[in-house]
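# An overview of the molecular structure
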Amino acid sequence: MAQHQTHSHDEHESHGSLKSYVIGFVLSLILTAIPLIFVLNDIVEGTAANVVLLVTAVLQFVVQLFFFMHLKEEKKPRWNLMALILGLVIVLVIVIGSIWIMGNNEVYQ
Amino acid sequence: MSHNANHAVSHGHGHDHDHGHDGHHNMEALRQMGFWLFLITDCILFGTLFATYLVLHNNTAGGPTASELFEMPGVIAETFILLTSSFTSGLAVLCMHKGNKNGLIGWLIVTIILGASFVTLEISEFLTMIDEGAKISTSAFLSSFYTLVGTHGLHVSVGLVWMIALIVQIARRGITPVTTRKVNIISLYWHFLDVVWIFVFTIVYMMGVM
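Note that this is a predicted model, so its numbers are computed, not measured.

## Comments concerning the overall build of chain A
Broken down by element type, chain A carries four helices and zero strands. Scored against the burial criterion, the 109 residues of chain A give a buried share of 32%. Taking as baseline every contact in chain A between residues at least 6 positions apart, the subset at least 24 positions apart corresponds to 56%. Approximately 7,000 Å² of chain A is accessible, and the part contributed by carbon and sulfur atoms is 70%.

What follows is the structure in structure tokens.
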């Protein structure tokens, strides 16, 4: 019986619960609604709008990772998390590097 | 010779893992991690497409610009549809872990319907744009736009076919360690596509119409 309890507890930990999915979904909806309300109604403009957009997008990424993809519940050693961080570093270098280099291209031509 | 030795070692290792009750589970967990690594590489693929779009999005070559072209109501609908389908694919996984086969298949079907409406909306959006003269060959902006958004749409379409095949397999074989791993993997894939769409929505559409 005790073993069964532990087993179901393990299952619960690594696959999330209905509660965590619902919380994740509601947070995602809110984080999608915020940029829509703020930007389409011109409450924020220019740089501030870009910041609102990017922050809500990144927060939503985090919500999906934690509530839907169960990254938080991964056991040590956290290979999945490490692989993800490596991937994100590569993506950021590619994206920011491209913008930087190509931006300079336009300046010097 | 050294290759042979390596082979023997790796074989011995695998044999070790296959021993006992946990062996099978470990193998499935390892396969799941392999899929995670694929998702990371896919992430890099989308990263390069985003970089291309960000560099080229002002080069409209006299053609239509982002703010002239994008129809936000359709895009907002697509966003909420995909978000909901990400949630329903999670509900499918929950049903699976409760051993509820019909619930699992039911939520997968709901996910497929939502995914199919997403793809339909996206295709009709593309067709409207092409009608307005915004073809992939019109400008660098549109080339990078169709490549980025189209690659995402293609991923969703592949996921739909995959999910249909998986439903057939679950209906025939039930919830086994293998189908469990496959459902876990496809739900990861689906959440990943939702994450990519959030950035498409933010960077391409929202920043485009701003």
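## Remarks on the nonpolar core
Core analysis: the largest hydrophobic core is formed by 84 residues, its most contacted members being B:Trp36, B:Phe70, B:Phe145, B:Trp197 and B:Tyr205. Counting the residues that make up this core, at least three belong to each of domain 1 (1-73) and domain 2 (75-109) of chain A. Among residues more than four places away in sequence, those in contact with B:Phe70 are B:Tyr53, B:Met129, B:Phe141, B:Phe145, B:Val204, B:Tyr205 and B:Val209.

## Focus on the interface of chain B and chain A
Between chain B and chain A, the residue contacts involve 38 residues of the former and 41 residues of the latter. Considering only the surface of chain B that becomes buried against chain A, B:Trp36, B:Phe87 and B:Met210 emerge as the three largest contributors, covering 17% of it. Considering each element in turn, the side of chain B that touches chain A owes the most residues, 14 residues, to helix α7 (residues 177-209) of chain B. Among the residues making up the side of chain B that touches chain A, the classes are represented as 27 nonpolar, ten polar and one charged.

## Description of the side chain of B:Ser85
Residue and element names in this part refer to chain B. Position of serine 85 among the secondary structure elements: in helix α4 (residues 72-97). Looking at serine 85, the relative accessible area reads 0%, which means it is buried. Apart from the residues within four sequence positions on either side, serine 85 is in contact with Thr111, Leu114 and Trp190.

## Things to note about the packing of helix α3 (residues 46-68) of chain A against α4(B)
Orientation of α3(A) relative to α4(B), taken along the N-to-C sense of each, is 20 degrees, at an axis distance of 11 Å. What the angle tells us is that α3(A) and α4(B) run roughly parallel. Here α3(A) runs over α4(B); the crossing is right-handed. Contacts between α3(A) and α4(B) involve A:Gln60, A:Gln64 and A:Phe68 from the former and B:Leu83, B:Ser86 and B:Phe87 from the latter. Grouping the constituent residues of the contact of α3(A) with α4(B) by class yields three nonpolar, three polar and no charged.

## Quick word on the UniProt feature "transmembrane region" (unreviewed entry) in chain A
Residue and element names in this part refer to chain A. Here, the residues flagged by UniProt with the feature "transmembrane region" (unreviewed entry) are residues 21-41, 47-69 and 81-103. In residues 21-41, helix accounts for 95% and strand for 0%; the two terminal C-alpha atoms are 30 Å from one another. A helix fraction of 96% and a strand fraction of 0% characterise residues 47-69, whose end C-alpha atoms lie 31 Å from each other.

Criteria and cut-off values
Starting afresh in each chain, residues are numbered from 1 along the sequence in its written order. Chain letters and ligand numbers both follow the written order, the letters beginning at A and the numbers at 1. Per-residue local features are limited, in this predicted model, to residues with pLDDT of at least 70; the limit for side-chain atom pairs, both in listing and counting, is 80 or more; totals at the level of whole chains, interfaces and linings are taken over all residues. Side-chain descriptors were evaluated using all non-hydrogen atoms of the structure, hydrogens and water having been removed beforehand. Helix numbers and strand numbers start at the N terminus; a helix is a DSSP run of H or I with at least 4 residues, a strand a run of E with at least 2. The cut-offs for exposure are 20% and 50% of the maximum accessible area for each residue type, with area from a 1.4 Å probe on protein chains only; residues under the lower value are buried, those over the upper are exposed, and the others partly exposed. Contact between two residues is taken to exist if any of their heavy atoms lie within 4.5 Å; hydrogens are not considered. Accessible surface area values rest on a Shrake-Rupley calculation with a 1.4 Å probe, where residue burial reflects the displayed protein chains alone. To form a nonpolar core, buried Ala, Val, Leu, Ile, Met, Phe, Trp, Tyr and Cys residues must be joined to one another through side-chain atoms within 4.5 Å. Domain extents, as shown, originate in an automatic or database domain assignment. For any pair of parts, buried area is found by adding up, for both, the accessible area (1.4 Å probe) each one loses once the two are put together. Put simply, Ala, Val, Leu, Ile, Met, Phe, Trp, Tyr, Cys and Pro go in the nonpolar bin, Asp, Glu, Lys and Arg in the charged bin, and everything else, Gly too, in the polar bin. A fitted line through C-alpha atoms serves as each axis, taken over the contacting stretch for helices, and the angle formed by two N-to-C directions is quoted from 0 to 180°. Angular relationships are summarised with four words: roughly parallel below 35 degrees, roughly antiparallel beyond 145, roughly perpendicular across 65 to 115, and oblique for the angles in between. Each crossing gets its handedness from the near helix: less than a right angle anticlockwise from the far helix is left-handed, clockwise is right-handed. UniProt positions are given in the numbering used here, feature names are shortened, and annotations may be inferred rather than shown by experiment.

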